[in-house]
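# Report on the structure
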Amino acid sequence: MARILVIGGGIAGTAVALGLHKGGHDVAVFEAHPDTAEDLGAFLTLATNGMRALAQLDATDTVAAVGFPLISLRLLDSQGAEVTRAPLAGAGDPALRYRCLRRGELNAALQAETVRRGVPLRHGTRLVSVADGPDGVTAHFSDGTTATGDLLIGADGLNSTVRRLTVAPTTQPRYAGQRVYYGYTDGDVAAEGTGAITMVRGTEAAFGYAVSPAGETYWFARVLGDPLPAGGPDHGTAAERRDELLPLLRKDAAPAADIVAACADRVMVTNATEMPLGIPWHTGRVLLVGDAAHAASPATGQGASMALEDAVVLAKALRDTPDPRSAFARYEQHRRPRVELNITVSGAISRGTHTPSRTGSTAPGASREDDTLIRQLDWETPLVEERDPEA
Ligand SMILES: Cc1cc2nc3c(=O)[nH]c(=O)nc-3n(C[C@H](O)[C@H](O)[C@H](O)COP(=O)(O)OP(=O)(O)OC[C@H]3O[C@@H](n4cnc5c(N)ncnc54)[C@H](O)[C@@H]3O)c2cc1C
């Protein structure tokens, strides 16, 4: 049993804590934010692969209590005509169905589950420095406290302090070519009903929406262009953001403009951002997971699902490989090809150089899961060395 410090109590950090706890380790989570931050951020979709990972962490029920399921995907052209309608992967299995959730709600549910299982999770604890040594790794926090463990997992997101202090000090996330607007509109403006996610290939924006059982329309719009001057949520007021977006949507006959026009005050915007490929993920006793290692632009909608996959594979790697540094290498061998393919495909969609398939299966292996992934995620199956397909 190792003593493992997890920096960041977001989706990756809490999932890693659940996985490592299941693997019998002594885990503690340190989160900078003073509370569960339920109000923060957009909504997201957990795909079948993310739901499969959650099931391996025994957390399906935790997440089933928030958000709502999606069972089909509709694709509309810019005139509002239906191009295709297809069931989403996992639609027949309640545990594997796509799920649409507010990011903060998912985070809060995973934090509550982490605490319920007896894993200490300290809010208001911001990592400021790390000392890695032969006998252990010590984290120093802004409140003057410290914690020492055998291993330290950096799950502190896109602008990771762990990454800057240890593994890749000069690496910076980069803009992926799109601004992403998202919001919540009261009512089912498009009279679509719940259970479907609708994607619109607009002239100026890729638009998507889903209606919750409570009759609220969750929507997003991805727009090519320069990065936001103020870098995200601080950019303008909600009304200014809406008025910036509406003229782009009004060029089309699809329902996008009506949905956004009816949105009073909950319009947010952020830059689509990604990590460069090939950055180091570990050094000594420290490993990066989630967005800290492999943030992708949101186009494939896979960031949270990939973080959940990380958690299962890391827990299995540490379980099945006695030496932690070899376990980190084994983890990387399994994860890097998959997450970097997602960064590449998602970035190409964001930059307009790749068009998603008609079924909406945008990340390779994401909605149509392959046997390798199912084996990697299955808790009972050992994490074997992947054979080189060229060998
Ligand atoms: C607009 C948008 C839409 C998206 N849509 C989807 C989608 O549909 N599907 C999907 O799967 N993904 C989506 N994503 C991506 C998804 O939200 C992220 O990939 C996911 O949240 C990553 O989780 P994480 O835990 O790695 O990072 P984060 O969620 O950023 O969590 C990092 C945590 O670390 C904490 N932290 C930071 N610094 C420190 C420090 N120094 N000390 C201690 N704690 C610290 C933070 O407070 C935070 O709680 C979207 C992202 C965006 C921006």
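Up top is the structure.
In what follows, the accompanying structure is described.

Cut-offs used in this document
Residue numbers restart at each chain and count upward from 1, following the sequence in its written direction. pLDDT decides what is reported in this predicted model: residues at 70 or higher carry local features, side-chain atom pairs at 80 or more are listed and counted, and totals for whole chains, interfaces and linings draw on all residues regardless. Remark: hydrogens and water are excluded; side-chain values derive from all non-hydrogen atoms of the structure. Note on terminology: near, applied to a residue and a molecule or strand, indicates that one of the residue's heavy atoms is within 4 Å of it. Here a polar contact means two N or O atoms within 3.5 Å. Within protein one must be a hydrogen donor candidate and the other an acceptor candidate, and residues neighboring in sequence count only if both atoms are side-chain atoms. In short, Shrake-Rupley with a 1.4 Å probe defines the accessible areas, and a residue's cover is counted only from the protein chains shown. Put simply, a salt bridge is a Lys or Arg side-chain nitrogen that is within 4 Å of an Asp or Glu carboxyl oxygen. Burial classes follow relative accessibility: with a 1.4 Å probe on protein chains only, a residue under 20% of its type's maximum area counts as buried, one over 50% as exposed, and anything between as partly exposed. Helix and strand assignments follow DSSP, with helices taken as H or I runs no shorter than four residues and strands as E runs no shorter than two, numbered in order from the N terminus.

Once that is clear, we can look at the site of the ligand. Close contacts around the ligand come from 28 residues, with A12, E31, T45, D291 and A304 the closest. At 2.9 Å, a backbone N or O of T45 approaches an oxygen atom of the ligand. In this structure, an oxygen atom belonging to the ligand sits 3.2 Å away from a main-chain N or O atom of G303. Bound to the protein, the ligand loses 85% of the 1,000 Å² it would expose on its own.

Inspection of every chain in the model, using the stated rule, returns 23 salt bridges. Across the salt bridge formed by R74 and E82, the nearest N and O atoms sit 3.3 Å from each other. Here R74 falls in the buried class, since its relative accessible area comes to 11%. With relative accessibility at 42%, the residue E82 sits in the partly exposed group. Notably, a salt bridge pairs R336 with E340, separated by 2.7 Å at the nearest N-O pair. In this pair, R336 and E340 are both assigned in helix α10 (residues 324-350), four residues apart and thus about one turn of the helix distant. Each of R74, E82, R85 and E192 takes part in a single network of salt bridges with overlapping partners.

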